[in-house]
Amino acid sequence: MQKIGKYIRRCCYLTLFYGGVLAAEEGKLSVSASAEVWKVPDLLQMSFGVVSLDRTLASALAENEGKMQAILQKLREIGLSPEEMRTDQFTIYPKLTPTPKNPSEDWSPTVIGYEVRNTVRVRTEKLGLVDQMISGVVQQGGNLFQDMAFSLQNEMQAQQEAIGAAFEKASGYAIHAAKEAGVSLGKILECNISQPFVQAKGIHSNRLMSVQDGGSALSPGSVEVSASISLIYQLK
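Given the structure is predicted, the values throughout are model-derived calculations rather than measurements.

## A word on the overall build of the protein
Link 1 in the chain: When helices and strands are tallied, the protein shows 5 helices and 9 strands.
Link 2 in the chain: Going from N to C terminus, the protein has its helices and strands arranged as α-β-β-α-β-β-α-β-α-β-β-β-α-β.
Link 3 in the chain: By residue count, 35% of the 236 residues in the protein fall in the buried class.
Link 4 in the chain: In the protein, of all internal contacts separated by at least 6 residues, the share reaching a separation of at least 24 is 82%.
Link 5 in the chain: Accessible surface, the protein: about 13,900 Å² in total, of which carbon and sulfur atoms supply 52%.

Below, the structure written as structure tokens:
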């Protein structure tokens, strides 16, 4: 431990000598730390949709509209409110004849059909309904799952908690280092915080389809929130 103290004192002296900003009797101590907190998710976000293909646009639109209305009605019966569902994207793509291997100069593609894609975004606090939602979507003709994630409604509160944990860890390092060096900590000269990161728990689309096929129920698990902080103390 004495060797550690000598090494820290030497580092403090070098900081003092080359820093140039502080007075001759002062030094600096820099510490940094990262921390993670784990929170129970209270928000579910999911995008799903219906993709319809047909030779005529009218037929593709009619099929798509019928299936989507059946899905929305099923979700309302399960317990979702209209405010928790909104149209995310609605697109129409013409399907063209493929380009031949050696096309003639006057060749041009022709429309042979249409693809209609309609996706809906769900944002709800009713995490307990997730398995019923997925089954209901598939049963009523849904054939597209784009993404799904369990996250937090109040991310800022969790981020502040992670910052506090990182600060506590960094200040603990500083107190221990100063003690080993035989010096006293002064005020904090600088405090730099990295952007706190919230890692929502995403679910792959294949996993969503397995629920419909009789797979195990989805578990929200935990959301990881991390933060890093760097402190520069004045030494007395």
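Now that the structure has been shown, we can carry on.
## Quick word on the sheet that holds strand 5 (residues 144-151)
Link 1 in the chain: Spatially, the 5 strands line up as an open sheet ordered 3-4-2-5-8, and their pairing is antiparallel. In the strand order of this sheet, the two ends are held by strand 3 (85-96) and strand 8 (201-202), each with one partner.
Link 2 in the chain: One ladder, built from 11 bridges, connects strand 2 (residues 43-54) with strand 4 (residues 111-124); its direction is antiparallel. Within strand 4, the position partnered with Val 50 by the bridge is Asn 118.
Link 3 in the chain: Packed on one face of the sheet, helix 2 (residues 57-78) meets strand 2, strand 3 and strand 4 and runs near 150° to strand 2.
Link 4 in the chain: This element, helix 3 (residues 130-139), spans strand 2, strand 4 and strand 5 of the sheet and lies at about 170° to strand 5.

## Things to note about the pattern of salt bridges
Link 1 in the chain: On inspection of all chains with the given rule, the structure shows 6 salt bridges.
Link 2 in the chain: Salt-bridge contacts for Glu 161 lead to Lys 39; the nearest nitrogen and oxygen are separated by 3.0 Å. You can see Glu 161 sitting in helix 4 (residues 155-181) and its partner Lys 39 sitting in strand 1 (residues 27-39), a full 122 residues away along the chain.
Link 3 in the chain: Judged by its relative accessible area of 38%, Glu 161 falls in the partly exposed class.
Link 4 in the chain: Between Lys 126 and Glu 84 there is a salt bridge, with the nearest N and O atoms lying 3.1 Å from each other. Of the two residues, Lys 126 is situated in the loop between strand 4 and helix 3 and Glu 84 in the loop between helix 2 and strand 3; the sequence distance between them amounts to 42 residues.
Link 5 in the chain: You can call Lys 126 partly exposed: its relative accessible area is 33%.

## Considerations on the environment of Ile 134
Link 1 in the chain: On the secondary structure map, Ile 134 appears in helix 3.
Link 2 in the chain: The class for Ile 134 is buried, based on a relative accessible area of 0%.
Link 3 in the chain: Along the chain, Ile 134 and Phe 48 lie 86 residues apart, while their C-alpha atoms are 9.0 Å from each other.

## Quick look at the side chain of Ser 47
Link 1 in the chain: Mapping Ser 47 onto the fold places it in strand 2.
Link 2 in the chain: Classification of Ser 47 as buried rests on a relative accessible area of 1%.
Link 3 in the chain: Here the side chain of Ser 47 touches Arg 121 through a polar contact of 2.6 Å, side chain to side chain.
Link 4 in the chain: Ser 47 has contacts with Asp 88, Val 120, Arg 121, Leu 144, Phe 145, Gln 146 and Asp 147, leaving out every residue within four places of it along the chain.

## A word on the confidence of the model for the protein
When pLDDT drops low, the exact placement of atoms in the prediction is not to be read closely.
Link 1 in the chain: Mean pLDDT over the protein works out to 84, with 83% of the residues at or above the 70 mark.
Link 2 in the chain: For the protein, the element scoring lowest by mean pLDDT is helix 1 (residues 2-19), at 39; helix 2 scores highest, at 97.
Link 3 in the chain: Low pLDDT, under 50, characterises residues 1-25; the stretch is placed with 23 contacts to residues that sit more than four places away or in other chains.

## Describing the side chain of Ser 52
Link 1 in the chain: Mapped onto the fold, Ser 52 is located in strand 2.
Link 2 in the chain: For Ser 52, the side chain forms a polar contact with the side chain of Glu 63, separated by 3.2 Å.
Link 3 in the chain: The contacts of Ser 52, once residues within four sequence positions are left out, are Ala 60, Glu 63, Asn 64, Tyr 114, Glu 115 and Val 116.

## Structural notes on the nonpolar core
Link 1 in the chain: Among the nonpolar cores identified, the biggest contains 24 residues, and Phe 48, Leu 75, Met 133 and Met 148 are the most heavily contacted of them.
Link 2 in the chain: Listing elements by their share of this core, those giving two or more residues are strand 2, helix 2, strand 4, helix 3 and strand 5.
Link 3 in the chain: Grouped together as the second largest cluster of nonpolar side chains are 12 residues, Ala 166, Ala 174, Leu 231 and Tyr 233 included.

## Notes on the packing of helix 2 against helix 3
Geometrically, a packed helix pair is captured by the angle between its two axes and the distance between the axes.
Link 1 in the chain: Two elements in contact, helix 2 and helix 3, have axes separated by 9 Å at closest approach and are oriented at 155°. The angle between helix 2 and helix 3 places the two elements in the roughly antiparallel class. The handedness of the crossing between helix 2 and helix 3 is right-handed. Counting all contacts with helix 2, which are made through Ile 71, Lys 74, Leu 75 and Ile 78, the residues of helix 3 involved are Gln 132, Met 133, Gly 136, Val 137 and Gln 139.
Link 2 in the chain: Looking at the contact of helix 2 with helix 3 residue by residue, the class counts come to 5 nonpolar, 3 polar and 1 charged.

Cut-offs used in this document
Residues numbered from 1 in each chain as written. Predicted model: local features only at pLDDT ≥ 70, side-chain atom pairs only at ≥ 80, totals over all residues. Heavy atoms only, no water. Helix = DSSP H or I, 4+ residues; strand = E, 2+ residues; numbered from the N terminus. Buried < 20%, exposed > 50% of the residue type's maximum accessible area, 1.4 Å probe, protein only. Contact = heavy atoms within 4.5 Å. Areas by Shrake-Rupley, 256 points an atom, 1.4 Å probe, with all protein chains shown as cover. Pairing = 2+ DSSP bridges. Axes fitted to C-alpha atoms, helices over the stretch in contact; angles between N-to-C directions. Salt bridge = Lys/Arg side-chain N within 4 Å of Asp/Glu carboxyl O. Polar contact = N/O pair within 3.5 Å; in protein donor to acceptor, adjacent residues only side chain to side chain. pLDDT = per-residue confidence, 0-100. Core = buried A, V, L, I, M, F, W, Y, C linked by side-chain atoms within 4.5 Å. Parallel < 35°, antiparallel > 145°, perpendicular 65-115°, else oblique. Left-handed = near helix turned anticlockwise from the far one by under 90°. Nonpolar A, V, L, I, M, F, W, Y, C, P; charged D, E, K, R; others polar.

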